[in-house]
Every structure is written in C-alpha cells, then in structure tokens.
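Structural features, examined
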Amino acid sequence: MENGGSEADRSAAERWIAQSPEHAVAFARARQAWRAAAGLDAEPEVPGADLANRQPGVSRRGVLLGSAGALGLVLAGVAGDWFFLHRQLLTTRIGEIRAVDLPDGSHVVLNSDTVVEVAYTRERRRLKLKRGEAFFEVAHNPARPFDVEVGETMLRALGTAFNVRDRGAVVELTVSHGVVGVREGQAALRKVPAGNFAIIHPDAVAVASYDAAGLSQKTAWREHVIELNGDSLAQAVEEFNRYRAHPIVIGDQRVAALRVGGRFQTNESAQFIEGLEQSMPVRAVRDADGGVLLLSSDEIAQP
Amino acid sequence: MEDLHAKLEWFERDILPHSPVLRSRLRKLKGAGEDLDDLVSEVLTRAYANSRWQQVSNGRAYLFTIARNLLVDSARRQKVVAFDSIVEFEALQSSYDFSAHLCARDQLRKLQPVLDGLPPQPRRVFVARRLHEKSLAQIAEEMGLSVSTVEKHLGVALAAFMRALAQQEQEVISVGKQPDSAASTARGGGNPPSARVGERGQRG
C-alpha cells in the first residue's frame, strides 16, 4: 500500500479532470494504459532502443496530454495511486485458513492456497479472487458496492454472506445470506439469492437450490472441516489434496467411484486414508515424499 | 467528486474497451490519418459528456450510436459519407461483443514491444514505479535524478503506452444479427445522441 500523491495533488487532479470531458478522457486513457501495463515482463532490458524514433508524428487531441502541467496532474492521479483508498494482498499457504477484517467492517476468510486482492476506492469495494476459495461477510452499504471479481466473472454483494471458489474453468458461488448479483463479461446482472449454489461458466450460469446441510457442507472449511456426504472418493480426495503439499493420487478408477461419508478436520487426511483401508476395498501405497497412491484391494481380497 | 470517480470507472470499464473496434470501423469509412484519431477522440469525448451515463446499459451500442450520429451530422454538412456505410454501422451495434474479452489478453501482447522499445531512462523509471512499485522519491534517489525529471521520464513512458492503446484496432466478429434489433440494445436515456436513433426509419 503506498500513497505517492498528496491530498493537494489529488484535489488539483480532480479539478483538472472535472474541467472538461477532454481532460476526463485523457485521464481515463492514461489510467487504462497504467493498469494495462501491470502484467508486463520487465526483463530483459533492451539497451538503446528508442520507440520515439520509430513511431512518427503523434500529437493528437485527446490522446496526449496537452501541457506539462496537465501531465504532472495526471501522473499524480494515475501513478500516485491515490484513487485506491485501501489496497492489500491477502494470501494463505497450503493448509492455512485465515480470517481477515477489512477496513469497512466486512470480513473475509481465505481457504488453503488462496490469493485475494483488495482494492477499495471511494465508490467501490473491489476484491479479486485470484486463486482458491474465500468466504465473504459484507458490511451493508448500498452506496458503495462490494464486488468480487474472479477472472471475467463479477459478483456484486447485496447485503450478503457468500462463498466463492475458483475452479479454473468455472466459478462456484454459494450464497448464505442476502443476494449476490452475477455478471459474466458484458451480460446483464443475474441475481442469486440465499440458499442457492451457482456454477458460473463464461457461457452460462447454473443455479441450484440447496438445503441447510448442503450449504453448510460448502462452507464447512471455515471451521477447518471437510464434510463428506455420499460424495465420490475422487471428490473427497480433491478436497483433502487442497490442504496437502503432496497429493493423494487415485490409481484405479473403480476406487474413484466409491461413495464416502464422514466428517474430518482438513489436516486429517492420514486418518481418512486409514479409515478407507479399514472399511473399503482400498489399498494405500505411501511413497517417501509423503504422496499416497490409492489402489483397489479387490485382487487381494478375492483372488 | 464521488460522481467523478464513479463516472471515470464506468468510462474505463464500459466504454474505453470498445474504442479499438470503433477505430477499426471508422478507418474503413474514413481512411487513415489525423482525422481518424480526432474522430475517435470526439466520439469518446461525447460519450463521456453525457450526464445521464448511469442509464447506459450497453457500452458499445451507445458508443456506436454516437459515432453514427456524428457521421450523419458530417454527411449533412459535407455530403461525403456514403449512406450505406452508416447503415452498416448500425449493424455493428448489435453484433456480439468479444472486445472486452480479447482486450486484456491482446493488450499485454501489444504493450510488451512498447516497453522493450522505450529509451533506457523512461523504461527504468516506468519499471521501477509500475512493476516494482517504488515511490517517485525512491526512484529519484536511486537514479540520482530530481523527482521532476523522474516524473518526466514516467510521462514519456506512459504516453508511449497510451499511444499504443489508442491506436489499437480490432475487427468485429459479427454473429449475424439484423440491424433492426439495434434499437432495443441502445438505451441511452434522454441524451441527445441516442435520441436521434429514430431517424434511421427514413432509410426503409
């Protein structure tokens, strides 16, 4: 978090922007360029290259910044980062679950191996789930929307507690209280009320109603709990692997389809595997690194 | 001031990403040259100048409606713009929008050569400020320059990126909707540009 511009710079820049639409467009373009450059690769440096010599005549209205004074103001606004009142990067390691209080009174809980970027402006509480899963409890303030972005998906909290999990191809949303608006790209906002579980795909949003047990299963991780309720062994293993540095691997598809139930701590995958070996036709092969291979024990039981 | 920030966010999120498509289309109608950048800037400026911006539901349809009306106006004055091109323009308002998705991915690919092509000083300053998030004062000290010189270098770099983005063009991928459906997608409220959409009935 850094404040490169003073309050005086800030209000001077705001006045300049408010003076005319041309100024505002120039500022918006400058900030767009500033933001777009975030992912650039700084290496390797190309010595002596000079773009100015290669690109001919470019002084056009609205594109470049008219005067040196205006440039200073825009830089104070764009590069000084004053438009972010609060900025913070929240992360958890594998196996870690962490609760964080945000400055507006909202709370966020991060599941294992998760990255959440917080960027609050005056008008908007903007968060990005860059990886993993998080539960958000939102302090109500309709004048300042609370938005969670996951890739192209935007979720807008409307007085709400909800859980978001980034699964790569899709985003999973579980709404505990209130309503969450879902926006995919440029599509219209779709509202998902409490008691619903939604799978959000770039082309479609599938919403299913869940009972209390179903919802609590989706958010049990906040109590460091994995709840299994007739889930396939493949699903169960996927859950435990989120908290393990070395994964459990299923080596036999017959094993993957077995249905399992039970309630475990997120760090109890060893007990889970022991339980499997005792009550199911499963054989676990442990390697030196801590990885586990699950095989069917059918051949041994019934030669 | 609250409104100013919200409006800027709206403009960057909903309007600016469509400018490559707009520029590409306008270039086909008007040809390259100084005029083209002025025209794009004029459309963007008019788009921003709308006090009822909160009612704009489809950024691209809105932007293209403004561009169309600007072309109609200039056609009335100069009698140069072929009417066909205006009709074609309307078809674009309703075609499916990929621009926002393509933008972020393509932008980085286009900006990397700009960074690599910067003169050494502006490049160093920009990398230190933007990618390593150092303060201007810190950069000035490390490079043995004054803060205002650092600011100038930063300005050179930023202007190069702005230029690259402003000159970005993108073809429209049309999914074959009819021009007639355009009217329903443009809900510009009572602002002057979109209020004139009704005139298109005259072409039938």
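Please read these numbers as outputs of a predicted model, since none were measured by experiment.

1. Notes on the overall build of chain A
Check the secondary structure of chain A and you find nine helices and 17 strands. Counting all 303 residues of chain A, 48% fall into the buried class. Within chain A, contacts between residues separated by at least 24 positions form 47% of all contacts whose residues are at least 6 apart in sequence. Total accessible area on chain A is roughly 14200 Å²; 51% of this is exposed by carbon and sulfur atoms.

2. A short note on the overall build of chain B
Summing up its helical and strand segments, chain B has eleven helices and zero strands in all. In chain B, the succession of α and β elements from N to C terminus is α-α-α-α-α-α-α-α-α-α-α. Residues counted as buried form 53% of the 204 residues belonging to chain B. Partitioning the intrachain contacts of chain B with sequence separation of at least 6 by distance along the chain shows that 73% fall at a separation of at least 24.

3. Description of the nonpolar core
Counting residues in hydrophobic clusters, the biggest one holds 32 residues, and the most contacted among them are Leu8, Phe11, Ile15, Leu22, Leu44 and Leu63 of chain B. Only helix H1 (7-19) and helix H2 (21-36) of chain A together with helix H1 (2-15), helix H2 (19-30), helix H3 (34-48) and helix H4 (59-78) of chain B provide two or more residues apiece to this core. Leaving out residues up to four positions away in the same chain, isoleucine 15 of chain B has contacts with Trp10, Leu44, Ala47, Gly59, Tyr62 and Leu63 of chain B. By size, the runner-up hydrophobic cluster in this structure holds 28 residues, among which are Val171, Leu173, Val175 and Val182 of chain A.

4. Considering helix H6 (residues 233-241) of chain A
The periodicity of an α-helix, 3.6 residues per turn, causes residues three or four positions apart to be oriented the same way. Taken together, the buried positions of H6 of chain A are occupied by Leu233, Ala236, Val237, Glu239 and Phe240 of chain A. Along H6 of chain A, the residues classed as buried sweep out an arc of 160° about the axis, all on the same side.

5. Here's the deal with the packing of helix H8 (residues 136-143) of chain B against helix H9 (residues 147-166) of chain B
All names here are of chain B. Packing of H8 against H9 leaves a shortest axis separation of 9 Å and a crossing angle of 105°. Relative to H9, H8 is oriented roughly perpendicular. On the side of H8, the interface is formed by Leu136, Ala137, Ile139 and Ala140, while H9 contributes Val147, Val150, Glu151 and Leu154. Looking at the contact of H8 with H9 residue by residue, the class counts come to seven nonpolar, no polar and one charged.

6. Focus on a nonpolar patch on the surface
A surface patch of nonpolar side chains, about 200 Å² in accessible area, is lined by Val249, Val285 and Leu293 of chain A. The topology assignment puts valine 285 of chain A in strand E16 (residues 282-286).

7. Quick notes on helix H8 (residues 269-279) of chain A
Residues and elements named next belong to chain A. Of all the residues in H8, the buried ones are Ser269, Phe272, Ile273 and Leu276. In a view along the axis of H8, the buried residues occupy a sector of 95°, so they form one face of it. Exposed side chains of H8 directed beyond 90 degrees from the buried face belong to Gln278 and Ser279. Looking at the buried positions of H8, the neighbouring elements they touch are strand E13 (225-232), H6, strand E14 (248-250), strand E15 (259-265), E16 and strand E17 (292-296).

8. Looking at unusual backbone geometry
Residue and element names in this part refer to chain A. One non-glycine residue with positive phi stands out, namely aspartate 113, at about 55°. With respect to the secondary-structure elements, aspartate 113 resides in the loop between strand E3 (107-110) and strand E4 (115-120). Here histidine 224, not a glycine, exhibits a phi torsion of approximately 60°, which is positive. You can see histidine 224 is positioned in the loop between helix H5 (212-219) and E13.

9. Some points on the packing of H2 of chain A against H9 of chain B
Look at H2 of chain A against H9 of chain B: their axes get within 9 Å of each other, and the N-to-C directions meet at 95°. Considering their axes alone, H2 of chain A and H9 of chain B lie roughly perpendicular with respect to each other. In this structure, H2 of chain A contributes Ala26, Arg29, Ala30, Gln32, Ala33, Trp34 and Ala36 of chain A to the contact, and H9 of chain B contributes Leu154, Leu158, Phe161, Met162, Leu165 and Ala166 of chain B. Considering only residue class, the contact of H2 of chain A with H9 of chain B consists of eleven nonpolar, one polar and one charged.

10. Quick notes on the pattern of salt bridges
Residues and elements named next belong to chain A. Overall, the coordinates contain 22 salt bridges over all chains when judged by the stated rule. One salt bridge in this structure joins glutamate 172 and arginine 167, with 3.1 Å as the shortest N-O distance. Between aspartate 252 and arginine 254 there is a salt bridge whose closest N-O contact spans 2.9 Å. Relative accessible area serves as the criterion here: at 15%, aspartate 252 is assigned to the buried category.

11. Quick word on the confidence of the model for chain B
All names here are of chain B. When pLDDT is averaged along chain B, the result is 72; 64% of the residues meet or exceed 70. Highest mean pLDDT in chain B belongs to H8 (89); lowest belongs to helix H11 (residues 192-195) (36). In this model residues 94-101 is a low-confidence stretch, pLDDT under 50, and it forms 24 contacts with partners more than four residues away in sequence or in other chains. In this model residues 173-204 is a low-confidence stretch, pLDDT under 50, and it forms 53 contacts with partners more than four residues away in sequence or in other chains.

12. Some thoughts on the pairing of strand E9 (residues 171-184) of chain A
Residues and elements named next belong to chain A. Across five bridges, the pairing between E9 and strand E11 (residues 196-201) is antiparallel. Considered in E11, the bridge of valine 171 is made with isoleucine 200. Two elements, E9 and strand E10 (residues 190-193), share four bridges in a ladder whose sense is antiparallel. Along E10, the bridge assignment pairs valine 182 with arginine 190.

13. Details of the sheet that holds E16 of chain A
As a general point, the strands of a sheet are linked pairwise by backbone hydrogen bonds and lie either parallel or antiparallel. All names here are of chain A. The sheet built from three strands is open, its strands ordered E14-E17-E16 with mixed pairing. Both edges of this open sheet fall to E14 and E16, since each of them pairs with a single strand only. Averaged over all pairs of adjacent strands, the angle between strand axes in this sheet comes to 25°, irrespective of strand direction. Here E14 pairs with E17 via three bridges, running parallel. Each residue of the ladder has a partner; that of isoleucine 250, found in E17, is leucine 294.

14. Points about the side chain of glutamine 112 of chain B
Mapping glutamine 112 of chain B onto the fold places it in helix H6 (residues 99-116). On the accessibility criterion, glutamine 112 of chain B (18% relative accessible area) is buried. Leave out the neighbours within four places in its chain, and glutamine 112 of chain B touches Leu40 and Asp41 of chain A.

Conventions we followed
Each residue is numbered by its place in its chain's sequence as written, counting from 1. Here chains are named by letter from A upward and ligands by number from 1 upward, in the order in which they appear as written. Restriction of local features to residues with pLDDT of at least 70 applies here, the model being predicted, together with a cutoff of 80 or more for giving and counting side-chain atom pairs; totals for whole chains, interfaces and linings are based on all residues. Calculation of side-chain values draws on the structure's entire complement of heavy atoms; hydrogens and water are dropped beforehand. Runs of E in the DSSP output that reach at least two residues are strands. Runs of H or I that reach at least four are helices, and both are numbered from the N terminus. Three labels apply to residues, based on accessible area from a 1.4 Å probe with only protein chains included: buried if under 20% of the type maximum, exposed if over 50%, partly exposed otherwise in between. Only heavy atoms matter for contacts: two residues are in contact if any of them lie within 4.5 Å across the pair. Under the convention used here, a 1.4 Å probe and the Shrake-Rupley method define accessible areas, while residue burial counts only the protein chains that appear. For the purposes of this section, nonpolar cores are sets of buried Ala, Val, Leu, Ile, Met, Phe, Trp, Tyr and Cys residues that join through side-chain atoms within 4.5 Å. The directions considered for the arc are those from the helix axis to the C-beta atoms. Fitting a line to C-alpha atoms yields each axis, with helices limited to the stretch in contact; the angle taken between N-to-C directions then spans 0 to 180 degrees. Should an angle lie under 35 degrees it is considered roughly parallel, over 145 roughly antiparallel, and from 65 to 115 roughly perpendicular; all remaining angles are considered oblique. Classification used: nonpolar for Ala, Val, Leu, Ile, Met, Phe, Trp, Tyr, Cys and Pro, charged for Asp, Glu, Lys and Arg, polar for all others including Gly. Residues enter patches when they are more than 30% accessible in relative terms and free of salt bridges; like-charged ones are connected within 9 Å and nonpolar ones (Val, Leu, Ile, Met, Phe, Trp, Tyr) within 5 Å. Salt bridges are identified by distance alone: a Lys or Arg side-chain nitrogen within 4 Å of an Asp or Glu carboxyl oxygen. Scored between 0 and 100, pLDDT is the confidence that the predictor attaches to each residue. Pairing between strands is defined by DSSP: at least two bridges between them are needed.

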